[in-house]
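Structure at a glance
One-letter residues, chain by chain:
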Amino acid sequence: MMEKLDDIDRAILRILQKDAKTVAKSIAEQLGLTKTPVYERIKRLEQEGFIKNYVAILNKDKIEESITVFSFVSLEAQKGAMMDDFFEQVMKYPEVVECFVVGGEFDFLLKVVVKNLDAYYNFAKFKIASLPSIGGVKSAFVLNEVKNDTHFPLL
């Protein structure tokens, strides 16, 4: 059974969310603690799965031009096997950076990043729409990114 997060754990997680390269000594100084218990807490948070991974967040606009598209996908029927097949296929597509199961008019919401509209057309036609269980796909193209935050609100 996982422990609950206390205020110190939450403070550590807030700091690491802003900068995962922050060392235990710096975190300890910010929290008025010593390095060893902070280091041990970080290791426990990692072992218990509160911290899944450490990553570098890239500025995709500096690397290459791309567009972001939200694809709303419906299956022909919401059957477990169809959903599992869809999950399996979506996991193979590098263009899909996020996939959510949603309620309402659609079954899934995909966040797709591609080079241009032609690349999205090919992705939608030859990958998503060609899957046997797809009932429909609707797309919304991102014109301007106002907020893209990686911080999870620790309520």
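Up top is the structure.
Residues numbered from 1 in each chain as written. Predicted model: local features only at pLDDT ≥ 70, side-chain atom pairs only at ≥ 80, totals over all residues. Heavy atoms only, no water.

1. As for the side chain of Asp9
For Asp9, the position within the fold is in helix H1 (residues 7–18). Judged by relative accessible area, Asp9 falls into the buried class, the value being 1%. Beyond its immediate sequence surroundings of up to four residues, Asp9 is in contact with Lys4, Arg41, Arg44 and Leu45. (Helix = DSSP H or I, 4+ residues; strand = E, 2+ residues; numbered from the N terminus. Buried < 20%, exposed > 50% of the residue type's maximum accessible area, 1.4 Å probe, protein only. Contact = heavy atoms within 4.5 Å.)

2. What to know about the sheet that holds strand E4 (residues 134–141)
The antiparallel open sheet is built from 4 strands, whose spatial order is E2-E3-E1-E4. For this open sheet the edge positions go to strand E2 (96–101) and E4, each flanked by a neighbour on one side alone. Averaged over all neighbouring strand pairs, the angle between strand axes comes to 20°, with direction disregarded. Across the face of the sheet, helix H6 (residues 117–128) comes into contact with strand E1 (67–75), E2, strand E3 (108–114) and E4 while running at roughly 165° to E4. (Pairing = 2+ DSSP bridges. Axes fitted to C-alpha atoms, helices over the stretch in contact; angles between N-to-C directions.)

3. Observations regarding the pattern of salt bridges
One pass over the structure, following the stated rule, counts 9 salt bridges. Close ionic contact of Arg41 with Asp6 constitutes a salt bridge, the shortest N to O distance being 2.9 Å. Of this pair, Arg41 sits in helix H3 (residues 35–47) while Asp6 sits in the segment before H1, and the two are 35 residues apart along the sequence. Under the relative-accessibility criterion, Asp6 is labelled partly exposed at 32%. (Salt bridge = Lys/Arg side-chain N within 4 Å of Asp/Glu carboxyl O.)

4. Focus on the packing of aromatic side chains
In this structure the tally under the stated criterion is 6 aromatic pairs. With a centroid separation of 6.1 Å and 40° between ring planes, the pair formed by Tyr120 and Phe123 is classed as tilted. Placement of the pair is Tyr120 and Phe123 together in helix H6, with a separation of 3 residues, close to one helical turn. We note that Tyr120, like Phe123, is buried. (Phe/Tyr/Trp six-rings, centres within 6.5 Å; stacked < 30°, edge-to-face > 60°.)

5. Points about the pairing of E3
Of all 7 residues in E3, 6 are buried, a share of seventy percent or more. Across 7 bridges, E1 lies against E3 in antiparallel orientation. Each bridged residue has a counterpart across the sheet, and for Phe72 the counterpart in E3 is Leu109. The pairing of E2 with E3 spans 5 bridges and is antiparallel.

6. Let's talk about H6
At 3.6 residues per turn, the α-helix brings residues three or four places apart onto the same side. Restricting attention to buried positions, one finds in H6 the residues Tyr120, Phe123, Ala124 and Ile128. For H6, the arc enclosing every buried residue in end-on projection is 90°, short of the 170-degree limit, so these residues lie on one face. Projecting away from the buried face of H6 at angles above 90 degrees are the exposed residues Asp118 and Phe126. The secondary structure elements touched by the buried residues of H6 are E1, E2, E3 and E4. Sitting at the amino-terminal end of H6 is Asn116, which places a side-chain oxygen 3.2 Å from the backbone nitrogen of Asp118. (Arc of directions from axis to C-beta. Polar contact = N/O pair within 3.5 Å; in protein donor to acceptor, adjacent residues only side chain to side chain.)

Structural measurements only, silent on function.
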